[in-house]
Amino acid sequence: MTSQITIRRPDDWHVHLRDGAMLEAVAGYTARQFGRAIVMPNLTPPVVNVAAAAAYRDRILAALPQNADFTPLMTCYLTDGADPTEIEKGFAQGVFVACKLYPAHATTNSAHGVTDIRKLTDVLETMQRIGMPLLIHGEVTDRDIDIFDREAVFIDRILTPLIRDFPALKIVLEHITTAESAEFVADSGSQIAATITPQHLIINRNAIFDGGIRPHAYCLPVAKRERHRLAVRKAAVSGSPKFFLGTDSAPHGIDRKEAACGCAGIFNAPFALESYAQVFEEEGVLDRLEGFASEHGPKFYGLPLNEGTVTLKREDVIVPDVVGQGDIRVVPFHAGETLRWRFAD
Ligand code: DOR
Ligand code: ZN
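Here's what I pulled together on the structure shown here. (Residues numbered from 1 in each chain as written. Chains lettered and ligands numbered in written order. Predicted model: local features only at pLDDT ≥ 70, side-chain atom pairs only at ≥ 80, totals over all residues. Heavy atoms only, no water.)

Quick word on the pattern of salt bridges
Stated formally: Note on definitions: salt bridges are taken to be side-chain nitrogens of Lys or Arg within 4 Å of carboxyl oxygens of Asp or Glu. A helix here means a DSSP run of H or I that spans at least four residues, while a strand means a run of E at least two residues long, and both kinds are numbered starting from the N terminus. To sort residues, take the accessible area from a 1.4 Å probe on protein chains only and compare it with the maximum for the residue type: under 20% means buried, over 50% means exposed, and anything in between is partly exposed.
Under the counting rule described, the total for this entry stands at 16 salt bridges. As a salt-bridge pair, Glu 88 and Arg 129 come within 3.0 Å of each other at their nearest N and O atoms. Of this pair, Glu 88 sits in helix α3 (residues 84-92) while Arg 129 sits in helix α4 (residues 121-130), and the two are 41 residues apart along the sequence. Here Glu 88 falls in the partly exposed class, since its relative accessible area comes to 28%. Between Arg 314 and Glu 281 there is a salt bridge, and its shortest N-O distance comes to 2.7 Å. Of the two residues, Arg 314 is situated in the loop between β10 (309-313) and β11 (317-318) and Glu 281 in helix α10 (residues 272-282); the sequence distance between them amounts to 33 residues. One salt-bridge network, held together by shared partners, links Arg 233, Glu 281, Glu 282, Glu 283, Arg 314 and Arg 340.

Structure below.
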């Protein structure tokens, strides 16, 4: 039995690093495991221009532990009034790596998101022309659509026409949760890819109601039925370059999760790679972890592969019930469980 694996240093193609004290508390977890990360712009206020993204990048760099070898890749939060000139400028300057589309009110801090994708025609034309990826939270927000169907309906109503209208636009369908998404992405052209989180590989929707309501298993898009988990898992371990690692690590303090209206988000950064490794091992394809974690993402984004390596050792690791201290206490994914791989520093 393999006792350790060494892979090229991975990247996280979707993470929420937050700001202020939470940023200080969580940045080190992502920087420890990953060489780069695509940083989500859903702060309050959201990151909508180049100056705000550059300033946020500086705050992230300042929050990293000394000697961290980590590059934050910044994104622009699209609003109805998004300015194509500003976006092109930010991309040309290397500040913006991609734009993030949140349908308005789809999730945390998405109130300023896009109410109608037709308002983005000029922006999308610009992005298509300059080769800038569009990262999509793929859920419709209509209250009359069942929450478990919102991703599949998004594909039919929004994504399919979008791809038809912008056939060369690079698109990442973020944090896919359904068989429909896995199939759609697999069957699309090479300009369409998807990120996959650890939680959507590991839990199904039963986890949210396991003996009582489990706020720490709640994220958006919400986990779906078992058949969807299995389809997403199959996509992740398939070896297809269209699927790559994006944790969607989304920390919220305990009080904000364990509340009458608890926030969506699973904080998986502390044990992200261990989590993915367990999945690939269970599927008998540990040899494909490196492609998923370290190669497919940079190839899609047109960025160089990382130079260094990381090692995971086959050792039990007990995940703490809580990480952080004082005001910032967050329950990590897998809290209280024993994982079978240990990230070796
Ligand atoms: O669960 C989620 N949490 N999904 C998102 O799309 C946003 C994120 C957050 O920012 O907390
Ligand atoms: Zn996210």
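On we go from here.
Notes on the state of the cysteines
The criterion, for reference: When two cysteine sulfur atoms lie within 2.5 Å, the pair is treated as a disulfide.
The tally for this structure, following the rule as stated, stands at zero disulfides. With no disulfide of its own, Cys 76 has Cys 99 as its nearest cysteine by sulfur position, at a separation of 4.5 Å. No disulfide involves Cys 263; its sulfur sits 7.5 Å from the nearest other cysteine sulfur, which is in Cys 261. Here Cys 263 falls in the buried class, since its relative accessible area comes to 15%.

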